[in-house]
Amino acid sequence: MRSYAGQRAALAVVQLAVLSILVFVLTALLPGDAADMRFTETLTPEQIAQLRAQLGLDRPALERFTHWFGNVLTGDLGTSLISGGPVLDIVKASVGATLVLTLATLAIVVPLAVALGILMGTRENGRLDRTITSITLALSAIPDFVIAVVLVALFSLKLGWLPATWVGGSLLTNPVLLVLPVAVLLGRTVCLLSRQVRAGTINALHADYVVQARRLGVPRRRLLLRHVLPNAAVPGVQELARTGDTLLGGVLVVEAIFAIPGFATALVDGVETRDVPVVQGLTLVLAVAALLINLGADLVCNRLVPRTELLR
Amino acid sequence: MSEALNRRGFLGLAGGLGLAALTGCGSDGASNAAAQPKAGGRLRAVFAGGGAKEVLDPHVQSLFVDIARHKAMFEKLVELGPDLKPLPRLAEKWEPNAQASTWRFTLRDATFHDGQKLTSQDVLYSLARIADPAVPDRVAQSSLASLDLRRCKAIDPRTVELVLTAPNAEFPALLAGIGTHIVRDGFKDPTKPIGTGAFKFVSFEAGRSMVANRFDDYWDGAAKLEELQILSADAEARANALQGGQAEYANEMTATFARTAEAGKTVKIVAAKGATTQAFVMKVDQAPFDNPDVRMAFKLLADRQRLVDVVLAGRGVVGNDLFGKGFQYYPADLPQRERNLEEAKALLKKAGLLNKEVEIFTSDSTAGFVEAATLFAEQVNEAGVKLKVTTGSAQTYAKDLLTKGAIGSHRSGAMPIPQYITDRLLTKSPFNVTHWRQPAFDAAFASAQVLTDETARAAKYGELQKTLRDQGGIIAWGHPDFMVGVSAKVQGVEAAPPNTLDSARFDKVWLA
């Protein structure tokens, strides 16, 4: 177990380093730099050049990267080229909304998808199975922003029940702000997860040990909860970790539509203003989070079904 | 000016379509406003955001949202009227010497939020702070470069004498430019803004919000609103927030939104007719536009009315190849240029351009750029010249246009005509996208600017603009309306071009 953890940690460090280089190169490939983004029609080329020098953007790319990387190793994410403040401040200011959004979605997705998955799996190809499958597949086929626009048009603008954006609102005083964004994020994730749980349930139900247990007269309820669910949950938990990317993509769209000041919004702003340290810092935090989630998922799977091979 | 406006354009379109599918949503019973302004309440105004780019420092700004925030708390010596003519603000009057090189400004009896009276010293400190060469992003630096700070002085606490290195009869208008606010003497920490404006600072989060409260000792009469929030959001979120009742004022709205809003009862559109400018710009030193005949031919090929109808959905005014229609010094007596296909063909034939291909360089950095270029390409094609549309990066377009593309797309907000010429049409102008560099034009403009007699100055400017219209590289085809959406209960919002006194001004606004 220890050597496994060590290998995982070493792999993670390499992954993070490669990712940082990739992000740096990709942002460098975008047209223009942060000094260009401050361009106004009254700034002279000399003043732009002066700004560029002040921001350190006239130094070689390799030097800028190693400087940034050295700072990160000491725990310093650097300074925003646009606001002039610490990148950490931007991370802190934007992480809350995204975290609340993601956790609220997960808190609903997980029990809902597991319940639906078992329901469908135990009634394989029955009417209920086919109905739920059709609905969840249809929902996952509709792009997030279409669902969002329709929900906003209906519940906010037509009926006036729910706020259409986070503009001028605060989650503390108005938790109802979460309803529509979470509803949009549910669409695809519920489908993906419940399909996995369904498949896992069906597999488990057909497995020899379940057939045997049934023959021995184990009550159905006990059979499902004690023997089928843990095995059925394995693909679900692994899928849940993979859902991370899907959810992040969804959060990006949802934050844009509902004007939510979260991680994705900060990232988009960072890219648009060529604020390289901010983009680097945000992706690094996201990558660490993704790695932790995947590690967590593997460990959970190991707990659920100890025979799962950890190193594949 | 507002770079954030167009991002996520696809989502914006989707949002717009979603809105367009709806009709008005249940009136809240607000009838025609009572004539009596009421005090109290909170107004939430939403502007295009700029994320971490948003600043509290009133001397560093370029976004509408920054301008609105600073305007709530700070004031300038001079402001601009609806025709972009200087109006007294913190300076109640001014007097130049005979050469327009030394100006005396008399200050109003105004009070800062910390209780201190406005003095000449505050003015001198503010101007020196703007001019600080170590901080190039203080935006008014180049426009106020002619100030000779060492010779500027306080005559008494309420009179200040400003001396210029070169005479300039337009100097008051320069003091009304972006980023010219008067701050307290010794102002260093932008996170603690203290101004003379109608609202006092409460809180600020870049990319999100600013909250300010009414300042009771405001010299121009305390505001009606108790609290003002200035928030940031993209176009589709602004539309949703306004229609969904989460905001009472939304800046810079589209024609699509206006059409939807006008069908309902909850939202009103306040439009400043033809307040901004859209144009195609030809580089007069690059083939084929180094030939004046080709420039004239392209001007004659633009079907301006159709461009306005299609690209602006009719919410605009046709242009006459000049910036600033309706503004002070605009030569309204020049005849409207009309489309003339035959004459254009003859000129193109003479220039040997028939059946050749020309590239127009555009981007979706501003709503309507690509659409206008595409439609114009059709209009040019009819004369036998192929105009090919190429699209560049939206975020760097303004800068790229300086060097790229023999012909491109151009927009401008509202500003005084002499300022437009100074920034864009002189040999040394930083944003001379038409490469119009004519020593004779520079000299004539300089000699006009020193004339203290306004009529004589206007006549000179008129001649210069006629030259530009006939020989220059600007095909100003239209002047889009500047539109603001307000909820039905909001009263006292004036239709005003951006960057003028009454635009994004909330001290006279009240809620019915």
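Look up: the structure comes first, before these words.
The following refers to the structure shown. In this text the structure is predicted, and so the values were computed from the model without any measurement.

## What to know about the overall build of chain A
Scanning chain A from N- to C-terminus turns up 12 helices and zero strands. Secondary structure elements of chain A, listed N to C terminal, follow the sequence α-α-α-α-α-α-α-α-α-α-α-α. Dimensions along the principal axes, computed over C-alpha positions, put chain A at roughly 85 × 60 × 30 Å. Burial status across chain A gives 39% buried among its 312 residues. By sequence separation, contacts in chain A at least 24 residues apart represent 74% of the contacts at least 6 residues apart.

## Description of the overall build of chain B
The helix and strand inventory of chain B stands at 14 helices and 21 strands. Taken against the 2.2 N^0.38 rule, which gives 24 Å for 512 residues, the C-alpha radius of gyration of chain B at 23 Å falls within 12% of a compact globule. Principal axes of the C-alpha set define a box for chain B whose edges measure 70 × 60 × 40 Å. Out of the 512 residues in chain B, the part that is buried amounts to 55%. Of the contacts formed within chain B by residues at least 6 apart in sequence, a portion of 73% connects residues at least 24 apart.

## With respect to the sheet that holds strand β7 (residues 159-163) of chain B
Residue and element names in this part refer to chain B. Taken in spatial order, the four strands make up an open sheet running β4-β5-β7-β6, and their pairing is antiparallel. In this open sheet, the two strands that pair with only one neighbour each are β4 (91-96) and β6 (153-156). This sheet shows a mean twist of 25° between the axes of neighbouring strands, independent of strand direction. As defined by bridge partners, β4 adjoins strand β5 (residues 102-107) across five bridges and the pair is classed as antiparallel. For proline 96, the partnering residue across the bridge sits in β5 and is tryptophan 103. Running at roughly 30° to β7, helix α3 (residues 120-131) makes contact with β5, β6 and β7 of the sheet.

## Focus on the interface of chain B and chain A
On the chain A side, the residues contacting the 44 residues of chain B number 42 residues. Those elements giving two or more residues to the side of chain B that touches chain A turn out to be α1 (9-20), β1 (42-47), β10 (227-232), α5 (235-243) and α11 (397-400) of chain B.

## Quick word on the packing of helix α5 (residues 87-122) of chain A against helix α8 (residues 179-206) of chain A
Packed helix pairs are specified by the crossing angle of their axes together with the interaxial distance, meaning the distance between the axes. Residues and elements named next belong to chain A. Two numbers describe how α5 lies on α8: the axes approach to 6 Å, and their chain directions differ by 35°. In this structure, α5 meets α8 at a crossing whose hand is right-handed. A per-class count over the contact of α5 with α8 returns 19 nonpolar, eight polar and one charged.

## Considerations on the sheet that holds strand β18 (residues 474-480) of chain B
Residue and element names in this part refer to chain B. Across the sheet, which stays open at both edges, the six strands sit in the order β14-β18-β13-β17-β15-β16 with mixed pairing between neighbours. Of all the strands in the sheet, the pair left with one neighbour each is β14 (316-318) and β16 (386-391). Each strand of the sheet is rotated relative to its neighbour by a mean of 25°, with strand direction disregarded. Where strand β13 (residues 277-282) and strand β17 (residues 407-412) come together, six bridges link them in antiparallel fashion. Considered in β17, the bridge of valine 281 is made with glycine 408.

## Overview of helix α11 (residues 263-272) of chain A
Residue and element names in this part refer to chain A. For α11, the tally of buried residues reaches eight of 10 residues, placing the bulk of the element in the interior. Inspection of α11 places Phe263, Ala264, Thr265, Ala266, Leu267, Asp269, Gly270 and Glu272 among the buried residues, and these make up the whole buried set. Just downstream of α11, arginine 274 is the residue with a positive phi angle, here 55°.

## Description of the environment of threonine 434 of chain B
Residue and element names in this part refer to chain B. Along the chain, threonine 434 falls in the loop between α12 (417-424) and α13 (439-449). The exposure class assigned to threonine 434 is buried, which follows from the 26 C-beta atoms found within 10 Å. Excluding residues within four positions of it along the chain, threonine 434 makes contact with Val281, Met282, Lys283, Val284, Gly472, Gly473 and Ile474.

## Description of the environment of histidine 435 of chain B
All names here are of chain B. One can find histidine 435 in the loop between α12 and α13. Owing to 18 C-beta atoms within 10 Å, histidine 435 belongs among the partly exposed residues under this scheme. Note: C-alpha distance between histidine 435 and glutamine 286 (149 residues apart in sequence) is 8.8 Å. The residues contacting histidine 435, other than those within four sequence positions of it, are Lys283, Val284 and Asp285.

## Details of helix α3 (residues 45-55) of chain A
Residues and elements named next belong to chain A. Where α3 is concerned, the buried positions are Gln47, Leu51 and Leu55. Seen along its axis, α3 keeps its buried residues to an arc of 75°; they face one direction. Opposite the packed face of α3, turned more than 90 degrees from it, sit the exposed residues Pro45 and Glu46. Positive phi shows up at glycine 56, right after α3, with a value of about 75°.

## As for the pairing of strand β15 (residues 357-362) of chain B
Residues and elements named next belong to chain B. Alignment of β15 against β16, held across six bridges, turns out to be parallel. In the strand pairing of β16, isoleucine 360 is matched with valine 389. Regarding the hand of the β-α-β motif, the stretch spanning β15, helix α10 (residues 369-381) and β16 is right-handed. Of the strand pairs in this sheet, β15 and β17 are connected by two bridges, and their pairing is parallel. Note on β17: the bridge partner recorded for isoleucine 360 is isoleucine 407.

## Observations regarding unusual backbone geometry
Residue alanine 287 of chain B is joined to proline 288 of chain B through a cis peptide bond whose omega torsion reads 0°. Within the secondary structure, proline 288 of chain B is located in the loop between β13 and α7 (292-301). Look at alanine 259 of chain A: it is not a glycine, yet its phi comes out positive at around 50°. Owing to 26 C-beta atoms within 10 Å, alanine 259 of chain A belongs among the buried residues under this scheme. Even without glycine at this site, arginine 274 of chain A takes up a positive phi of about 55°.

## Considerations on the packing of helix α7 (residues 144-158) of chain A against α8 of chain A
Residue and element names in this part refer to chain A. For the pair α7 and α8, the least separation of the axes is 9 Å and the interaxial angle reads 145°. Judged by the sense of rotation from one axis to the other, the crossing of α7 with α8 is right-handed. Along the contact surface, α7 presents Asp144, Ile147, Ala148, Leu151, Val152 and Phe155, while α8 presents Leu180, Ala183, Val184 and Gly187. When grouped by side-chain class, the residues that make up the contact of α7 with α8 number eight nonpolar, one polar and one charged.

## A few points about the nonpolar core
With 194 residues, the main nonpolar core has Ala45, Val46 and Tyr249 of chain B as its most contacted residues. Broken down by element, this core gets its largest block of residues, eight residues, from α7 of chain A. Among residues more than four places away in sequence, those in contact with alanine 45 of chain B are Ala68, Gln229, Ile230, Leu231, Ala247, Tyr249, Asn251 and Phe506 of chain B.

Reading guide: rules and limits
- Residues numbered from 1 in each chain as written.
- Chains lettered and ligands numbered in written order.
- Predicted model: local features only at pLDDT ≥ 70, side-chain atom pairs only at ≥ 80, totals over all residues.
- Helix = DSSP H or I, 4+ residues; strand = E, 2+ residues; numbered from the N terminus.
- Buried ≥ 20, exposed ≤ 12 C-beta atoms within 10 Å, placed from the backbone.
- Contact = placed C-beta atoms within 7 Å.
- Rg over C-alpha atoms; globule rule 2.2 N^0.38 Å.
- Pairing = 2+ DSSP bridges.
- Axes fitted to C-alpha atoms, helices over the stretch in contact; angles between N-to-C directions.
- Left-handed = near helix turned anticlockwise from the far one by under 90°.
- Nonpolar A, V, L, I, M, F, W, Y, C, P; charged D, E, K, R; others polar.
- Arc of directions from axis to C-beta.
- Right-handed = clockwise from strand over helix to strand, strands pointing away.
- Core = buried A, V, L, I, M, F, W, Y, C linked by C-beta atoms within 7 Å.

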